[in-house]
Amino acid sequence: MKIGVYPGTFDPITNGHIDIIKRSKNLFDKLYVVIPNNTNKQPLFSLEERLNLLKEVLADEEFVEVTTTDLLTVDFAKSVDATAMLRGLRMVSDFEYELQMATMNKCLNDEIETVFIMSSHEYSFLSSSSVKEIAKFGGDYSSFVPEVVRLAVENKIKK
Ligand code: ADP
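Small disclaimer: the values here were computed from a predicted structure and weren't measured.

A. Representation of the site of the ligand. Close contacts around the ligand come from 17 residues, with Tyr 6, Thr 9, Lys 41, Gly 88 and Leu 126 the closest. Contact distances for the ligand include 2.8 Å between a nitrogen atom and a backbone N or O atom of Leu 126. Compared with its free state, where it exposes 550 Å², the ligand has 91% of that area covered by protein. Within the residue set of the shell around the ligand, elements represented by two or more residues are strand 1 (3-7), helix 1 (15-23), strand 4 (84-89) and helix 4 (92-108). Looking at the shell around the ligand element by element, the count peaks at 3 residues for helix 1.

In structure tokens form, the structure reads like this:
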């Protein structure tokens, strides 16, 4: 059984993330979508809120398990017997950061590979940050996120 781990901040999950997850079905029998609890970022949504949105949006994906971790992602991957970590690549600008992370993770655990899926062209410009930015200025981002995510963002922004 091929086990993968897709780590991310998911603040919030977008259709770009979902596209990567669905397309990884051909690569993995089981995929852990995991939010590390050690991020230096200041997310809009709490860890619990992000976890609940992931669970709701991915409920129909039977090969997916959603969770959080206090471990380094390579250590989490090892703890669930994963052979690879999954990341999405959009523009060339993602490459430098992703190469650095993949190389560092390879140094930390040589047995776990990082595999990349290139973003579908319709999502190659889409990020969680752009969704939050559009929302703050009252723009229409309904085609970029599932409806439950849009409602959660609207509620958060109102507060
Ligand atoms: P992180 O803070 O770890 O980068 P993100 O939630 O921003 O977490 O992203 C998680 C992964 O999903 C990263 O590999 C990122 O490049 C990828 N990703 C984000 N948005 C998209 C998208 N629109 N298309 C494809 N991959 C994406």
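We are not done yet, so read on.
B. Here's a closer look at the nonpolar core. Core analysis: the biggest nonpolar cluster contains 31 residues, and Tyr 6, Ile 13, Ile 21, Leu 31, Val 33, Leu 54 and Leu 58 have the highest contact counts within it. Contributions of two or more residues to this core are made by helix 1, strand 2 (30-36), helix 2 (47-57), strand 3 (64-69), strand 4, helix 5 (128-136) and helix 6 (147-158).

C. Looking closely at the sheet that holds strand 1. The sheet built from 5 strands is open, its strands ordered 3-2-1-4-5 with parallel pairing. Two strands in the sheet have a free side with no partner beyond their single neighbour: strand 3 and strand 5 (113-118). Strand-to-strand, the axes of this sheet are offset by a mean angle of 30°, without reference to chain direction. Relative to strand 5, strand 4 runs parallel, the two being bridged by 6 bridges. In the strand pairing of strand 5, Arg 87 is matched with Phe 116. Along the sheet face, helix 1 touches strand 1, strand 2, strand 3, strand 4 and strand 5 and points at about 115° away from the line of strand 5. Relative to strand 4, helix 4 is tilted by about 170°, and along the sheet it contacts strand 4 and strand 5.

D. Representation of unusual backbone geometry in the model. The amide bond that connects Asp 11 to the next residue, Pro 12, takes the cis arrangement and shows omega of 0°. Of note, Pro 12 is situated in the loop between strand 1 and helix 1. One non-glycine residue with positive phi stands out, namely Phe 10, at about 50°. Structurally, the position occupied by Phe 10 is in the loop between strand 1 and helix 1.

E. Examining the packing of aromatic side chains more closely. Under the defined criterion, the tally for this structure stands at 3 aromatic pairs. Taking the centre distance of 5.3 Å and the plane angle of 75° together, the rings of Tyr 6 and Phe 10 count as edge-to-face. With a relative accessible area of 3%, Phe 10 lands in the buried category.

F. Local environment of the pattern of salt bridges. Scanning the entire structure with this criterion turns up 10 salt bridges. Notably, a salt bridge pairs Asp 19 with Arg 23, separated by 3.0 Å at the nearest N-O pair. Residue Asp 19 and its partner Arg 23 are located together in helix 1, separated by 4 residues, close to a single helical turn. You can call Asp 19 buried: its relative accessible area is 15%. With a closest N to O distance of 2.9 Å, Lys 106 and Glu 113 form a salt bridge. What makes Glu 113 partly exposed here is its relative accessible area of 40%.

Cut-offs used in this document
- Positions within a chain are numbered from 1, following the residues in the order the chain's sequence is written.
- pLDDT decides what is reported in this predicted model: residues at 70 or higher carry local features, side-chain atom pairs at 80 or more are listed and counted, and totals for whole chains, interfaces and linings draw on all residues regardless.
- With hydrogens and water excluded, all non-hydrogen atoms of the structure serve as input to the side-chain values.
- We call a residue near a given molecule or strand whenever any one of its heavy atoms falls within 4 Å of it.
- N or O atoms within 3.5 Å of each other form a polar contact, as long as, within protein, one can give a hydrogen and the other can take it, and as long as residues adjacent in sequence are counted only when both atoms are side-chain atoms.
- Only the protein chains shown count as cover for residues, and all accessible areas are computed by the Shrake-Rupley method using a 1.4 Å probe.
- Helix and strand definitions follow DSSP, with helices as H or I runs of at least four residues and strands as E runs of at least two, each counted in order from the N terminus.
- The criterion is simple. A nonpolar core is a set of buried Ala, Val, Leu, Ile, Met, Phe, Trp, Tyr and Cys residues joined through side-chain atoms within 4.5 Å.
- Buried means the residue's accessible area, taken with a 1.4 Å probe over protein chains only, is under 20% of the maximum for its type, while exposed means over 50%, and partly exposed covers the values in between.
- Two strands qualify as a pair provided that DSSP identifies no fewer than 2 bridges between them.
- Fitted lines through C-alpha atoms serve as axes, helices being fitted only where they are in contact, and the angles separating the N-to-C directions of these axes extend from 0 to 180 degrees.
- In this analysis, two residues are considered to be in contact whenever any of their non-hydrogen atoms come within 4.5 Å of each other.
- Think of it this way: a Phe, Tyr or Trp ring, Trp meaning its six-membered ring, pairs with another when their centres are within 6.5 Å, and the plane angle makes it stacked under 30 degrees, edge-to-face over 60, tilted otherwise.
- Basic side-chain nitrogens of Lys or Arg form a salt bridge, by our definition, when they fall within 4 Å of a carboxyl oxygen of Asp or Glu.

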